[in-house]
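# Secondary and tertiary structure notes
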Amino acid sequence: LNRFYTSPLCGPTRKGLMSGRSPVTLGVIGNPRRNDRDAMPLDEHLMSQTFQASGYQTWAIGKWHLGGVSDDAYLPASRGFDHFYGFIGAFIDSYTHHSVMGMRLDWQRNGEPIEEMGYSTDLLTDESLKLIRERDKDRPFFLYLAYNAVHTPLAAPQELIDKYSFYDDKSRQTYAAMVEAMDTNIGRILDMVETEGQTNNTLIMFHSDNGGNEGMGGACNDPFRGIKGQVYEGGIRVAGAIRWPGVLAPG
């Protein structure tokens, strides 16, 4: 998709994706706070609820950030998802899975906190693959997979960071490694869909949630002006792709 636009912040973009409405019309143009202020309004009907009501298996994996820190009514289980694995807040350390704000664990499966080792991009993919592999094959599924890559704090396996040592900027090296790790893991998802014989029966959409953080996040929005948090092209025009073989023609 050559011209794909989002909100300049991740929270409002998620609200728009899940509700099908402009976050401005929802009255929540900022990111959710710790007290669930600016969370997705509870009277909004979400895409996941439509899928669930239609008999789909519905799974939310990764970053939620639509509320639920203080009120469980905002959590995925109350908003149309059968299964949730990931974190509730804005960002975590990719290895400790602790929130950088407050240094507390923010990693769970269906409401149960989990202390586990591993790089979050790999773990989120592992969970997604398990769900697809062990699903009820008589029912369709809706997978909402929201990686925390490439959000700060930047972190990636050292062997991947070393591949990008030709960048002088250390942040850029790690950012590039995070992109590659995410790309590889998305490939694992596509391979599983192929293995399960569902390629031609699956609509896949990929997009970023806002423009890159050039100041401290290692991103580069060239040739566009602006960064995350701004409404210049660099803050709102992002990578986007959609795939449905046999239905949507390539290109």
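Note: the structure precedes this text.
Figured I'd write up the structure that's included with this text. Remember, it's a predicted structure, so these values are computed and weren't measured experimentally.

Rules and cut-offs
Residues numbered from 1 in each chain as written. Predicted model: local features only at pLDDT ≥ 70, side-chain atom pairs only at ≥ 80, totals over all residues. Heavy atoms only, no water. Helix = DSSP H or I, 4+ residues; strand = E, 2+ residues; numbered from the N terminus. Rg over C-alpha atoms; globule rule 2.2 N^0.38 Å. Buried < 20%, exposed > 50% of the residue type's maximum accessible area, 1.4 Å probe, protein only. Contact = heavy atoms within 4.5 Å. Areas by Shrake-Rupley, 256 points an atom, 1.4 Å probe, with all protein chains shown as cover. Lys, Arg positive; Asp, Glu negative; His and termini not counted. Charge placed at Lys NZ, Arg CZ, Asp CG, Glu CD. Pairing = 2+ DSSP bridges. Axes fitted to C-alpha atoms, helices over the stretch in contact; angles between N-to-C directions. Salt bridge = Lys/Arg side-chain N within 4 Å of Asp/Glu carboxyl O. Parallel < 35°, antiparallel > 145°, perpendicular 65-115°, else oblique. Nonpolar A, V, L, I, M, F, W, Y, C, P; charged D, E, K, R; others polar. Phe/Tyr/Trp six-rings, centres within 6.5 Å; stacked < 30°, edge-to-face > 60°. Lys NZ or Arg CZ within 6 Å of the ring centre and 35° of its normal.

### Quick word on the overall build of the protein
- When helices and strands are tallied, the protein shows seven helices and nine strands.
- By the compact-globule yardstick of 18 Å for 251 residues, the protein fits well, its C-alpha radius of gyration being 18 Å.
- Referenced to the eigenvectors of the C-alpha coordinate spread, the extents of the protein come out at roughly 50 × 40 × 40 Å.
- Per-residue burial for the protein yields a buried fraction of 46% across its 251 residues.
- For the protein, restricting intrachain contacts to residue pairs at least 6 apart in sequence, the fraction spanning at least 24 positions comes to 60%.
- Per element, the accessible surface of the protein, about 12800 Å² overall, is 53% carbon and sulfur.
- Positive and negative side-chain charges of the protein, numbering 24 and 31 respectively, have mean locations separated by a distance of 5 Å.

### Concerning the sheet that holds strand S5 (residues 112–113)
- The sheet built from five strands is open, its strands ordered S5-S4-S3-S2-S6 with mixed pairing. At either margin of the open sheet sits one strand with a lone partner, and together these are S5 and strand S6 (141–146).
- Alignment of strand S3 (residues 83–87) against strand S4 (residues 108–109), held across two bridges, turns out to be antiparallel. Paired with glycine 86 across the strands is glutamine 108, a residue of S4.
- Each of strand S2 (57–63), S3, S4 and S6 is contacted by helix H4 (residues 120–133), which is oriented at about 175 degrees to S2, the strand it contacts most.

### Overview of the pattern of salt bridges
- Applying the stated rule across the entire model yields ten salt bridges.
- Among the ionic pairs, aspartate 209 bridges to arginine 14, the shortest N-O distance being 2.7 Å. With a gap of 195 residues between them, aspartate 209 in the loop between strand S7 (204–207) and helix H7 (233–236) and arginine 14 in helix H1 (residues 10–19) connect regions that are remote in the sequence.
- Looking at arginine 14, the relative accessible area reads 6%, which means it is buried.
- Across the salt bridge formed by aspartate 38 and arginine 33, the nearest N and O atoms sit 3.1 Å from each other.

### Here we look at the side chain of histidine 65
- The topology assignment puts histidine 65 in the loop between S2 and S3.
- Residues contacting histidine 65, with those up to four places away along its chain left out, are Cys10, Gly11, Arg14, Asn31, Pro32, Ile88, Gly89 and Ala90.

### Things to note about the packing of H4 against helix H6 (residues 170–195)
- The N-to-C vectors of H4 and H6 enclose an angle of 5 degrees; their axes lie 10 Å apart at closest approach. For the element pair H4 / H6, the angle class is roughly parallel. Contact residues: H4 offers Thr121, Asp122, Thr125, Asp126, Ser128, Leu129, Ile132 and Arg133, while H6 offers Ala181, Met182, Asn185, Arg188, Ile189 and Met192.
- When grouped by side-chain class, the residues that make up the contact of H4 with H6 number six nonpolar, four polar and four charged.

### What to know about the packing of aromatic side chains
- All chains considered together, the criterion is met by twelve aromatic pairs.
- Between tyrosine 164 and tyrosine 167 the ring centres are 6.4 Å apart and the planes differ by 15 degrees, which places this aromatic pair in the stacked class.
- Residue tyrosine 167 is classed as partly exposed on the basis of its relative accessible area, which comes to 28%.
- Within the aromatic cluster, the residues linked to one another by ring pairs are Phe51, Tyr56, Trp64, Phe81, Phe142 and Tyr144.
- Arginine 172 extends its terminal NZ or CZ atom over the ring of tyrosine 167, reaching a point 5.3 Å from the ring centre.

### Regarding the environment of alanine 90
- Structurally, alanine 90 can be placed in the loop between S3 and S4.
- In this structure, the C-alpha to C-alpha distance between alanine 90 and alanine 177, residues 87 residues apart in sequence, is 21 Å.
- Each residue touching alanine 90, except ones within four places of it in the same chain, is listed here: Lys63, His65 and His151.

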